[in-house]
Amino acid sequence: MNDKIISLPKEVVMKIAAGEVVEKPASIVKELVENSIDAGATAITVEIKDGGISYLRVVDNGSGIRENMIALAFERHSTSKLFSSNDLFNIKTLGFRGEALASIAAVSKVTLTTKHKEAENGVTVENHGGVITNIKPSAFSMGTSIVVKELFFNTPVRLKFLKKPISEASSISDLLMRLILSRPDISFRYVNNGKTIYHSIGDGKLESAISRVYDVSTAKKLIEVNYSSNGIIIKGYVGVFDLEKGNRSNQTFFVNGRYFKDDIVSSALETSCRGFVTVSKFPMCIIDIIVPYNSVDVNVHPNKLEVRFENPNLLKEVIIEAVTNALNNIYISNEIINNDNINEAKLNLNDEIFNTFDDIKNTTYNVDVLKPNLEAFKNVFNNDSEKLLSDSSYTVLEPKIKWRPLEFSNNSEDVQNKNNNSIQETFIENKPEIDIRDSIIIIGTIFNTFILLEYKEKLLIIDQHAAFERINFEKMLTAYKNKNLKQEYLTPILINLNQREIDFIREHQDELYDSGFDITFFDDDSIAVRSVPILLGEPMSIKSCLQEIFNNWDNKKDNLSKEIAREKILQFACKHSIKAGDKLDDDTIFQIVKQLFIDNIVPTCPHGRPIIIELTKNELYKRFKRIQ
Ligand code: ADP
Ligand code: MG
């Protein structure tokens, strides 16, 4: 080491500083769009090429910059938004560090064109690598346009660390999605390689913004949250049931309109959604947390994605209350249904719940109908397997059950709780060994979800969808091993997808191919599918299957081995072979039972959700106090 201490030359300092702010093209877009928002813009266009690495442009209709201020705007720590250190604790603008323009210009070639609202003419300024090279008048009529070319042209090492253009573009798409959701009052247009990806209307309605970023049906299924307590306001929407996702990437939180990420708020949301979302899945949300400006520190991280709350525990509690309240309203809306006062969005959302309620309320239990058929079943199953396999003369009973949930008085509830403790529902690690000489009785199905079986001294409850999925998965794996997985179409099927989905497919094209999806890119926003894995079913379900793979892909595990990735894709494909809540027909139910217990298609219990739960006669006897 040299023992001479020198002050670093300005350009070196600038490049070091730029490293903090300009991590990748998406961070530039974020800074530039935030500047446009701070300048009061109502329309902002973002255009990128090659993931924003070779070209990106942000144009706004905001206030513009005074000509004599432009040079200063490119200086480090120069801002029009902060005047004293006191202001730091009361930040209402998105920018305040005065670093962005300086940092961006230090590592790229910037062309800034602007016309201040009070100026007669516009002006264009070139700044290459932090040095202003050219100033000339411009016919620009209003606002500001900033073009950033050749990012990291003077820091080749950092250029090497950028991801592929597709990945950089998808970070930018993701950012634009949050920006659109954060400001429904601003009309955003986002163009990638000449193609418009998002165009929000800017009518001030969050629902419109959600419809543009997701789609209308998602917007309809979301549950509104609107709650305030202890000076904190929680506003926005939560998505559960079929809006659940495989990761947190569809959770959007804002604090006072500023997008941020935080484990505390996400886990508060997830705590409140337990029971509304499958285990290991995640709710989606768009939630704005409104708190006094001085109770949150946004100056924690250079890209301002992290914030620090004065009282995180209180915030957590308020979020839990807010979301729990909103979700409880779903049940109230069930009452509304009965009053013929139907809210369409809520009705869609709760299809599954309503089915369940309806089943309970409207089905009738008729022992006489049930009995003779049960006997018929016993006969079928008492025969040997040869006979069973060839015999198609079976019927599966639909339970004709009129069953109202029992209303317990406080007292009896106590008794019930006590008894609950003594009940042990066993998650079966390995499926019960069935001796086909014993009878399996298919009692029927309940809630379009579970198949009930009586076998020996046990009541077996099968999750029909989990079982069906698993059986299909096994079949697909066998087909894969036999190189017989693809189901080819005579003419390719064209499917329209959004940019993020297309990017995803481009990135995982190989694994998709290995799993039976032969996909080529038709044009900017559509793909041509030539084959799908067998069992996927109707061509109509291809799109939703691909979307589901995309939505549930855990990015953290992005460097999965191809083998695992392929298995994951197959799993989704099987999942898609039936939809949750689908009513399975009698034949399918029979096949499920047969394949599970007699054909032994599923070798062991899968990881994840259990397929079968058993309740022994003894446990039931104990619960009814027939025995101790
Ligand atoms: P900061 O946003 O933290 O103030 P920046 O480096 O991002 O710092 O911008 C410096 C200054 O340039 C801003 O304070 C603002 O006055 C001006 N500026 C930047 N972009 C725009 C824009 N799009 N419209 C109007 N003024 C802008
Ligand atoms: Mg700024």
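Residues numbered from 1 in each chain as written. Chains lettered and ligands numbered in written order. Predicted model: local features only at pLDDT ≥ 70, side-chain atom pairs only at ≥ 80, totals over all residues. Heavy atoms only, no water.

**Details of the overall build of the chain**
Stated formally: Elements are defined by DSSP. Helices are runs of H or I of four residues or more, strands are runs of E of two residues or more, and each kind is numbered from the N terminus. Accessible area is worked out with a 1.4 Å probe on protein chains only. A residue is then buried under 20% of its type maximum, exposed over 50%, and partly exposed in between. Note on contacts: a residue pair qualifies if any of its non-hydrogen atoms lie within 4.5 Å across the two residues.
Secondary structure summary: the chain contains 22 helices and 23 strands in total. The 628 residues of the chain split such that 46% are buried. Put simply, 69% of the contacts in the chain that link residues at least 6 apart link residues at least 24 apart.

**A word on unusual backbone geometry**
When glycine is set aside, most residues are seen to have a negative phi, and most peptide bonds are trans. Not every positive phi belongs to a glycine, and aspartate 50 is a case in point at roughly 50°. Phi angles above zero are rare outside glycine, and phenylalanine 241 is one such case at about 50°. Locating phenylalanine 241 in the fold gives a position in the loop between β10 (232-239) and β11 (251-255). Among the residues examined, phenylalanine 241 registers a relative accessible area of 16% and is labelled buried.

**Here we look at the sheet that holds strand β22 (residues 526-533)**
Quick reminder of the rule: For two strands to pair, DSSP has to find at least two bridges joining them. Each axis is a line fitted through C-alpha atoms, taken for helices only over the stretch in contact, and angles between the N-to-C directions span 0 to 180 degrees.
If you walk across this open sheet you meet the three strands as β20-β22-β21, and the pairing is antiparallel. In this open sheet, the two edge strands, each paired with only one partner strand, are β20 (486-496) and β21 (518-523). Each strand of the sheet is rotated relative to its neighbour by a mean of 20°, with strand direction disregarded. Against the sheet, helix α17 (residues 499-507) engages β21 and β22, with an angle of about 135° to β21.

**Describing the confidence of the model for the chain**
Here is the rule we go by: Per-residue confidence from the predictor is given as pLDDT, running between 0 and 100.
Residue-level pLDDT values for the chain average 75, and 71% of them are 70 or greater. In the model of the chain, helix α11 (residues 344-349) stands out as the element of lowest mean pLDDT, 31, in contrast to strand β2 (residues 55-60), which has the highest, 97. With pLDDT under 50 throughout, residues 332-430 is counted as low confidence; its partners more than four residues away or in other chains account for 123 contacts.

**Points about the state of the cysteines**
Let me state the cut-off plainly: Throughout, a disulfide means two cysteine sulfur atoms within 2.5 Å of one another.
If you walk through the whole model with that rule in mind, you get zero disulfides. Cysteine cysteine 285 remains unbridged, with the sulfur of cysteine 273 as its closest cysteine sulfur at 8.2 Å. Given the relative accessible area of 0%, cysteine 285 is considered buried.

**Some thoughts on the pairing of strand β8 (residues 195-199)**
In this structure, strand β7 (residues 187-192) lies alongside β8, joined through four bridges in antiparallel fashion. The residue bridging valine 191 from the neighbouring strand is threonine 196, located in β8. Connecting the antiparallel pair β7 and β8 is a turn made up of two residues, with asparagine 193 showing a positive phi of about 45°.

**Examining the packing of helix α6 (residues 165-182) against helix α7 (residues 206-213)**
Rule in force here: Roughly parallel means an angle under 35 degrees; roughly antiparallel means over 145; roughly perpendicular covers 65 to 115; every other angle is labelled oblique. By convention the crossing between two helices is left-handed if the near helix lies anticlockwise of the far one by an angle smaller than a right angle, and right-handed if it lies clockwise.
Taken N-terminus to C-terminus, the directions of α6 and α7 make an angle of 160°; their axes are 8 Å apart at the nearest point. Taken as axis vectors, α6 and α7 run roughly antiparallel relative to one another. α6 and α7 meet at a crossing whose hand is right-handed. Residue-level inspection shows Met177, Ile180 and Leu181 of α6 in contact with α7, the latter providing Leu206, Ala209, Ile210 and Val213.

**Observations regarding the sheet that holds strand β13 (residues 284-290)**
Sheets are built from strands paired through backbone hydrogen bonds, the pairs being either parallel or antiparallel. Pairing is mixed in the open sheet, where five strands are placed in the order β9-β10-β13-β11-β12. The strands lining the two open edges of the sheet, one partner per strand, are β9 (223-229) and β12 (258-260). Pairs of neighbouring strands in the sheet enclose a mean axial angle of 20°, with direction left out of account. Sheet topology places β11 next to β13; five bridges connect them, and they run parallel. Bridge pairing links phenylalanine 253 to isoleucine 287 in β13. Running over the sheet, α7 touches β10 and β13 and is turned about 35° from β10.

**Concerning the packing of aromatic side chains**
Threshold: What counts as a ring pair is set by centres within 6.5 Å for rings of Phe, Tyr and Trp (its six-membered ring), and what kind of pair is set by the plane angle: stacked under 30 degrees, edge-to-face over 60, tilted for all other angles.
Here the structure, examined in full by the defined rule, presents six aromatic pairs. Consider the rings of phenylalanine 241 and phenylalanine 276, whose centres lie 5.9 Å apart with planes at 55°: the pair is tilted. Separated by 35 residues along the polypeptide, phenylalanine 241 in the loop between β10 and β11 and phenylalanine 276 in the loop between α9 (263-273) and β13 bring together distant segments of the chain. Comparing phenylalanine 241 with phenylalanine 276, the two get one shared label, buried.

**Some details on α9**
Of the positions making up α9, those classed as buried are Val265, Ser266, Ala268, Leu269, Glu270, Ser272 and Cys273. At the exit of α9 stands glycine 275, carrying a positive phi of roughly 95°.

**Describing the pattern of salt bridges**
The test is simple: Any carboxyl oxygen of Asp or Glu that lies within 4 Å of a side-chain nitrogen of Lys or Arg is treated as forming a salt bridge with it.
Here the structure, examined in full by the defined rule, presents twelve salt bridges. With its nearest N and O atoms 2.9 Å apart, the salt bridge here joins arginine 183 to aspartate 185. On the basis of relative accessibility, which here comes to 27%, the residue arginine 183 falls in the partly exposed class. Among the residues examined, aspartate 185 registers a relative accessible area of 37% and is labelled partly exposed. Shared partners join several salt bridges into a network, and the residues in it are Asp174, Arg178 and Arg500.

**Concerning the environment of glutamine 464**
Here glutamine 464 lies in helix α16 (residues 464-481). Separated by 124 residues in the primary sequence, glutamine 464 and threonine 588 have C-alpha atoms spaced 9.6 Å apart.

**Focus on the pairing of strand β18 (residues 450-455)**
Bridge count between strand β17 (residues 440-446) and β18: six bridges; the pairing is antiparallel. Its bridge partner being in β18, isoleucine 442 is matched across the sheet by leucine 453. Hairpin connection from β17 to β18: three residues lie between these consecutive antiparallel strands, with phenylalanine 447 at a positive phi of about 55°. When β18 meets strand β19 (residues 458-463), the two strands line up antiparallel, connected through six bridges. Counterpart to phenylalanine 450 in the pairing with β19 is aspartate 463. Hairpin connection, β18 to β19: the antiparallel pair is bridged by two residues, and lysine 456 has positive phi, about 50°.

**Details of the packing of α6 against α17**
Threshold: Asp, Glu, Lys and Arg are counted as charged, while Ala, Val, Leu, Ile, Met, Phe, Trp, Tyr, Cys and Pro are counted as nonpolar; the rest, among them Gly, fall into the polar class.
At a minimum axis distance of 10 Å, the contact between α6 and α17 shows a crossing angle of 155°. Overall, the two elements α6 and α17 adopt an arrangement that is roughly antiparallel. Considering the relative orientation of α6 and α17, their crossing is left-handed. Touching Ile166, Ser167, Ala169, Ser170, Ser173, Asp174 and Met177 of α6 are Arg500, Asp503, Arg506 and Glu507, all from α17. When grouped by side-chain class, the residues that make up the contact of α6 with α17 number three nonpolar, three polar and five charged.

**Quick look at the environment of valine 318**
Along the chain, valine 318 falls in helix α10 (residues 312-338). Spatially, the C-alpha atoms of valine 318 and isoleucine 234 are 7.9 Å apart, while their sequence positions differ by 84 residues. Those residues in contact with valine 318 that lie beyond four places of it in its chain are Tyr227, Ser229, Ile232 and Ile234.

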